[in-house]
Amino acid sequence: MNHVVLTGDRPTGPLHLGHYFGTLANRVALQDVHPMYVLIADYQVITDRDRPGEIQRNITGLLLDYLAIGLDPAKVTIFQHSAVPELNQLLLPFLSLVSVAELGRNPTVKDEIAHSKQQAVNGLMFTYPVHQAADILFCKGTLVPVGKDQLPHLELTRLVARRFNERYGPVFPLPEAMMGARPLLNGLDGGKMSKSRGNAITLSATEDETAALIRKARTDSERLVTFDETRRPEVANLLTLAALCLGRTPQDLADEIGHGGAATLKRVVTEAVNEFLRPIRRRRSEIGEAEARAVLAAGNERARERAVLTLDEVRGAMAMTAA
Ligand code: TRP
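Reading the values: rules and limits
- Residues numbered from 1 in each chain as written.
- Predicted model: local features only at pLDDT ≥ 70, side-chain atom pairs only at ≥ 80, totals over all residues.
- Heavy atoms only, no water.
- Helix = DSSP H or I, 4+ residues; strand = E, 2+ residues; numbered from the N terminus.
- Rg over C-alpha atoms; globule rule 2.2 N^0.38 Å.
- Contact = heavy atoms within 4.5 Å.
- Areas by Shrake-Rupley, 256 points an atom, 1.4 Å probe, with all protein chains shown as cover.
- Lys, Arg positive; Asp, Glu negative; His and termini not counted.
- Charge placed at Lys NZ, Arg CZ, Asp CG, Glu CD.
- Salt bridge = Lys/Arg side-chain N within 4 Å of Asp/Glu carboxyl O.
- Buried < 20%, exposed > 50% of the residue type's maximum accessible area, 1.4 Å probe, protein only.
- Axes fitted to C-alpha atoms, helices over the stretch in contact; angles between N-to-C directions.
- Parallel < 35°, antiparallel > 145°, perpendicular 65-115°, else oblique.
- Left-handed = near helix turned anticlockwise from the far one by under 90°.
- Nonpolar A, V, L, I, M, F, W, Y, C, P; charged D, E, K, R; others polar.
- Near = heavy atom within 4 Å.
- Polar contact = N/O pair within 3.5 Å; in protein donor to acceptor, adjacent residues only side chain to side chain.

Re the overall build of the protein chain
Each helix and strand counted, the protein chain has 13 helices and five strands in total. The C-alpha atoms of the protein chain give a radius of gyration of 21 Å, which matches the 20 Å a tight globule of 323 residues would have. Dimensions of the protein chain along its principal axes, counting C-alpha atoms only, are 75 × 45 × 40 Å. Expressed as a percentage of contacts within the protein chain between residues at least 6 apart in sequence, the contacts between residues at least 24 apart total 76%. Per element, the accessible surface of the protein chain, about 15500 Å² overall, is 52% carbon and sulfur. Between the mean site of the 38 positive side-chain charges and the mean site of the 38 negative ones, the protein chain shows a separation of 3 Å.

In structure tokens, the structure reads:
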């Protein structure tokens, strides 16, 4: 199957190990197999906050993270929403294909509203999943590596594609989600790994920052280290983290640490993580910001060329272009 891969991140902060093992490693593998687009979803930042914040810094940070883990700009088109007007214009016909009731039923949107700190829910919060359909369909993406929380958006994308094709003729493929096979990593406090919760090891952190975070990680008071996800989730999560970095199994590591207790466990995790991230961090420090920015400029241009073609096709199918 000739896939086109599209995936993206909101530029709200640095990428962390949860991202790495959840999706980034997968992207590096996929870039050799299929054409791939990676979107820096800048317009999606303002769904749950009033201002884009330090958006330029976050965008540069994402670019450095992408290049440091080995995404190759010769193979991957890295681009941002706000530089591709024709992608954004697809939102208008797409919105007409979805009912207001359908927008209100999206479980991920509901969850984000429940966790939002904003006084009022803005219109983009309800409509951004349709915008995400435009992200995926502008390049006729067929394979979308995402986490579980994004599945409702993918369902909606298929719905938009199907309805467009029924109404105006066959233009869009129906894309599929691609879920990572790796175990889900929690944060060091046992909750979801998230930069804003201060429980995540970012790719760009220093070795000392990493060690300090792991030192503070929650464990329990049992001296014998065992891998038991239901009874000892925090210890199991640390073992999983080290195991992913070392390419070993968490059970095997637990056996090796044995009666060493939490102190040994944390030392093993810190060494494993810092060693794993060392080459990535070294590459990150070697890439200039100007170089990263140039990669984005070139990607924006390529994405725009693709979007122009799709928008032309869409307007043609809708008989909106003058002869
Ligand atoms: N919503 C995604 C997230 O929060 C980011 C995203 C934007 C995305 N557009 C996309 C993911 C298109 C996949 C495809 O992580």
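As for the pattern of salt bridges
Side-chain pairs of opposite charge can arise whenever the charged atoms involved come near each other. Under the counting rule described, the total for this entry stands at 19 salt bridges. Note that D72 and K75 form a salt bridge whose closest N and O atoms lie 4.0 Å from each other. Note on D72: relative accessible area 26%, which makes it partly exposed. For K75, a relative accessible area of 38% translates into the label partly exposed. Salt bridges linked by common partners bring D220, E222, D228, R231 and R232 together as one network.

Remarks on the packing of helix α2 (residues 55–69) against helix α12 (residues 261–286)
Contact geometry for α2 and α12: axes closest at 8 Å, N-to-C directions at 125 degrees. With respect to α12, the axis of α2 lies oblique. In this structure, the crossing between α2 and α12 has a hand that is right-handed. Note on element contacts: α12 touches α2 through I280, R283 and R284, opposite G61, L64, D65, L67, A68 and I69. Each residue belonging to the contact of α2 with α12 can be placed in one class, and the counts come to five nonpolar, one polar and three charged.

Some remarks on the site of the ligand
Taken together, 13 residues sit near the ligand, with L6, Q44, Q132, D135 and Q150 positioned nearest. With respect to the ligand, the side chain of Q44 contributes an N or O atom lying 2.7 Å from a nitrogen atom. Contact with the protein chains covers 86% of the free accessible surface of the ligand, which is 370 Å². Looking at the shell around the ligand, the elements with two or more residues in it are β1 (5–9) and α7 (123–137). Residues of the shell around the ligand, tallied by class, amount to six nonpolar, five polar and two charged.

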